[in-house]
Amino acid sequence: MRGWGAAVTVAAAVWGAGHWAVVWPVLLAVLAAAVVGGTGWALLRAHQLAVGQDRAWRAREEARARELSMAEVDALSWEEFETYVAELCRRDGCTKVVVSGKSGDLGADVIGYLADGRKLVVQCKKYAPHRSVSSQDMQKFVGTARLEHGADVALFVTTCRSFTKAALGLALRQDIVALHRDLLGSWVKGAHLETLIPLNGSGDGTRRRPSDDGSP
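The paragraphs below set out a description of the structure included in this document. Please read these numbers as outputs of a predicted model, since none were measured by experiment.

Things to note about the nonpolar core
- Of all hydrophobic cores here, the largest spans 26 residues; its most connected members are Val85, Leu120, Val157 and Trp187.
- Within the residue set of this core, elements represented by two or more residues are α2 (20-74), α3 (78-91), β3 (119-125), β5 (153-158), β7 (176-179), α6 (181-188) and α7 (193-196).
- In terms of residue count, α3 provides more of this core than any other element does, five residues in total.
- Excluding residues that lie within four positions of it along the chain, Leu120 makes contacts with Cys89, Cys94, Val110, Ile111, Gly112, Tyr113, Leu114, Val153, Leu155 and Leu193.
- Within the second largest apolar cluster, 19 residues are counted, among which are Met138, Ala167, Ala171 and Ile176.

Right under this line is the structure:
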């Protein structure tokens, strides 16, 4: 079998030498295709890497921009924060917006109506960025937002980065819109409230995982 293979190889070489004018263009085309294919693959990989790096850079810049926009919000008192949230609601077309945050407000710090007529009830929590909204905070709002205030859309907005796992789970089950620091930063920068409502807590944990329920 080895001898047969050697004979075939020799025969092929002899044939190729005798028909070189036919063989060399084919070999050249195959070589060119290999080079082009390899170059194309390398360019594709380089493009994918560049796109990935660009997206990562944009994400970092957007996060930094949100934090810069949140610097002024962080400087507000809790009363000023409630007033500021009311102004954001008005900016996005909400009507009859009032700030009701006071002792005995039963969790309704801001009340108004969305452009489509749905009643909006907002709970505002001015917490330090490193804190979390606890399950107890969320339970209080769940118990009053609809039963006491008749909310069609119940919005829990906070300046801290996350909700505890139990708090976020409760919000999702009870159809409470959880607006943590990242989403609030987008709202402050101009994102419309109606576009943020469906996101409900998404993005939570990009820098800090939601903790198990307990003290913030």
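After that view, the rundown keeps rolling.
Concerning the packing of aromatic side chains
- This model, assessed by the stated rule, comprises two aromatic pairs.
- Measuring from ring centre to ring centre gives 5.8 Å for Phe141 and Phe156, while their planes differ by 80 degrees; the resulting arrangement is edge-to-face. Taken as a pair, Phe141 in helix α4 (residues 135-145) and Phe156 in strand β5 lie far apart in primary sequence, 15 residues in all. Of the two residues examined, Phe141 and Phe156, each falls in the buried class.
- Ring centres of Phe156 and Phe163 lie 5.8 Å apart, and the angle between their planes is 75 degrees; this geometry places the pair in the edge-to-face category.
- Clustering of aromatic rings is evident, with ring pairs tying together Phe141, Phe156 and Phe163.
- The ring of Tyr113 has Lys96 lying over it, and the distance from NZ or CZ to the ring centre is 5.8 Å.
- The ring of Tyr127 has Arg131 sitting right over it, with the charged end atom 3.9 Å from the ring centre.

Some remarks on the environment of Glu194
- Relative to the elements of secondary structure, Glu194 occurs in helix α7.
- The contact partners of Glu194, leaving out residues within four places of it in the chain, are Leu114, Asp116 and Arg118.
- A polar contact is formed between the side chain of Glu194 and the side chain of Arg118, at a distance of 3.5 Å.

Calculation criteria
- Residues numbered from 1 in each chain as written.
- Predicted model: local features only at pLDDT ≥ 70, side-chain atom pairs only at ≥ 80, totals over all residues.
- Heavy atoms only, no water.
- Core = buried A, V, L, I, M, F, W, Y, C linked by side-chain atoms within 4.5 Å.
- Buried < 20%, exposed > 50% of the residue type's maximum accessible area, 1.4 Å probe, protein only.
- Helix = DSSP H or I, 4+ residues; strand = E, 2+ residues; numbered from the N terminus.
- Contact = heavy atoms within 4.5 Å.
- Phe/Tyr/Trp six-rings, centres within 6.5 Å; stacked < 30°, edge-to-face > 60°.
- Lys NZ or Arg CZ within 6 Å of the ring centre and 35° of its normal.
- Polar contact = N/O pair within 3.5 Å; in protein donor to acceptor, adjacent residues only side chain to side chain.

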